[in-house]
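# What the coordinates show
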Amino acid sequence: MDSLKGTRITWLGHATVLVQTAKGTNILIDPFIAENPKYPKNFVLPAKIHYILLTHGHGDHIADVVWAAASHSSTVVAIYELAAYVAGKGVADTIGMNLGGTVQLDDVAATMVEAKHSSAAQDDQGTHYVGVAAGYVLTITDGPVLYHAGDTAVFSDMNLIRELYRPEVAMLPIGGHFTMGPKEAALAVSFLKPATVLPLHFGTFPPLKGTPEELIALVDASVHVVLCAPGEAI
Ligand code: NI
Ligand code: MN
C-alpha cells in the first residue's frame, strides 16, 4: 500500500503483528506463536527483531516473549510492572513505561495509550499483577502512524488518540467475548478515522465470533478493512 511509505505490516494471527519500517527496524507486537492456532506455521521471523511490544499480560499476548526475545536479540517494551515481570522470567533487555508516555525506538516513537481490559500474568506460582492493559501508537519517521489497540472495549477517549496522533492504520480487535466485536469496533473506527483497519483477535478460538465482513458492513465504504490471511503483509 503506497500510503505506508515502505513500512511493512504482517498479521501473524490473533493479535500478533510484525512491523518492519523502511529504515529496517523490526517490531513484533504481542508474540503468541507456539500455541496460536492461527499462526502461519511456515512463517520465518526476521533474525533480528529489535523490539517486542507487549500490550498486557494475558497468555495469548505474551506466551512466547521469553523465547522470542532471546532468539531474536530483542528489547521488550511493556508497561512498567509487566516489563519487570518478564525480566524476572529471563528477558535480558526491557523498557518499562506507562500510559501517555512515549519512548523513541530508533525511527519509531512508541506511545503507550489506554485500553479498557484487564491484565494479569498467570504462571505456576499463581496470578500476578502486571499493571493495566494498554495499546500503542507507533509514529514512524518518514512513515505512517499506526495504532495497535491491544485487547479493549470501545471507549470514547479513542477520540483523543485521533486528535493527538491521527493514526492512518488502526489494528483493532473485533472477535467479541473478551474484546469489542464488530458493532463496537465500527464505533471505534468512527472515533479514530483511520484510512485502513486491520482486524485482530477474531476466529482464533470458538468464542471470538466477530468477522471482518461484519465490520465492513458497518463502516463507511471509504475505510479500507484489510482481509488477509495470517502471514500476509498488508
Ligand atoms: Ni487479554
Ligand atoms: Mn487477548
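One structure accompanies this document, and this report is about it.

Another aspect to go through is the overall build of the chain. Across its full length, the chain carries 6 helices and 15 strands. Against the 2.2 N^0.38 benchmark of 17 Å for 234 residues, the chain shows a C-alpha radius of gyration of 16 Å, consistent with a compact globule. When its C-alpha atoms are laid out on the principal axes, the chain stretches across 45 × 40 × 35 Å. Sorting the 234 residues of the chain into buried and exposed places 55% on the buried side. Long-range pairs, those at least 24 residues apart, make up 60% of the contacts in the chain between residues at least 6 apart in sequence. Entry remark: accessible area of the chain is about 9700 Å², with carbon and sulfur atoms responsible for 54%. In the chain, which carries 13 positive and 22 negative side-chain charges, the distance between the mean positions of the two groups comes to 4 Å.

Protein coordination at the manganese ion (ligand 2): the donors are Asp60 (OD), His61 (NE2), Asp151 (OD) and His201 (NE2), at 2.1 to 2.2 Å from the metal. A distance of 3.2 Å spans the gap from the manganese ion (ligand 2) to the nickel ion (ligand 1), which Asp151 bridges by coordinating each metal. In terms of burial, Asp60 and His61 fall into one category: buried.

A word on the side chain of Thr10. Tracing the chain through its elements places Thr10 in strand β1 (residues 8-11). Thr10 gets classed as buried once you look at its relative accessible area, which sits at 2%. What Thr10 contacts, discounting residues up to four positions off in sequence, is Thr16, Val17, Leu18, Gln20, Phe43, Gly231, Glu232 and Ala233.

Another point: the coordination of the nickel ion (ligand 1). Note on metal sites: the ideal angle is 109.5 degrees for four tetrahedral donors, and 90 or 180 degrees for six octahedral donors. Here the nickel ion (ligand 1) is held by His56 (NE2), His58 (ND1), His117 (NE2) and Asp151 (OD), and the distances to it run 2.2 to 2.3 Å. Each of the 4 donor atoms around the nickel ion (ligand 1) contributes to a set of angles spanning 90 to 177°, which defines the coordination as irregular. All donors of the nickel ion (ligand 1) belong to a single chain; written as a sequence motif, their spacing is H-x1-H-x58-H-x33-D. A residue is classified by how much of its surface remains accessible, and His56, at 0% relative accessible area, is buried.

So, about the sheet that holds strand β11 (residues 134-140). With mixed pairing, the 7 strands of this open sheet are ordered in space as β7-β8-β11-β12-β13-β14-β15. Where the open sheet ends on each side, the last strands, each with one partner, are β7 (102-105) and β15 (224-225). Of the strands in this sheet, β12 (145-148), β13 (169-173) and β14 (196-200) touch helix α5 (residues 182-192), which is tilted by about 155° from β13.

Conventions adopted
Residues numbered from 1 in each chain as written. Chains lettered and ligands numbered in written order. Predicted model: local features only at pLDDT ≥ 70, side-chain atom pairs only at ≥ 80, totals over all residues. Heavy atoms only, no water. Helix = DSSP H or I, 4+ residues; strand = E, 2+ residues; numbered from the N terminus. Rg over C-alpha atoms; globule rule 2.2 N^0.38 Å. Buried < 20%, exposed > 50% of the residue type's maximum accessible area, 1.4 Å probe, protein only. Contact = heavy atoms within 4.5 Å. Areas by Shrake-Rupley, 256 points an atom, 1.4 Å probe, with all protein chains shown as cover. Lys, Arg positive; Asp, Glu negative; His and termini not counted. Charge placed at Lys NZ, Arg CZ, Asp CG, Glu CD. Donors = N, O, S within 2.8 Å, 3.2 Å for Na, K, Ca; no water. Tetrahedral: all angles 85-135°; square planar, octahedral: opposite > 155°, others 65-115°. Pairing = 2+ DSSP bridges. Axes fitted to C-alpha atoms, helices over the stretch in contact; angles between N-to-C directions.

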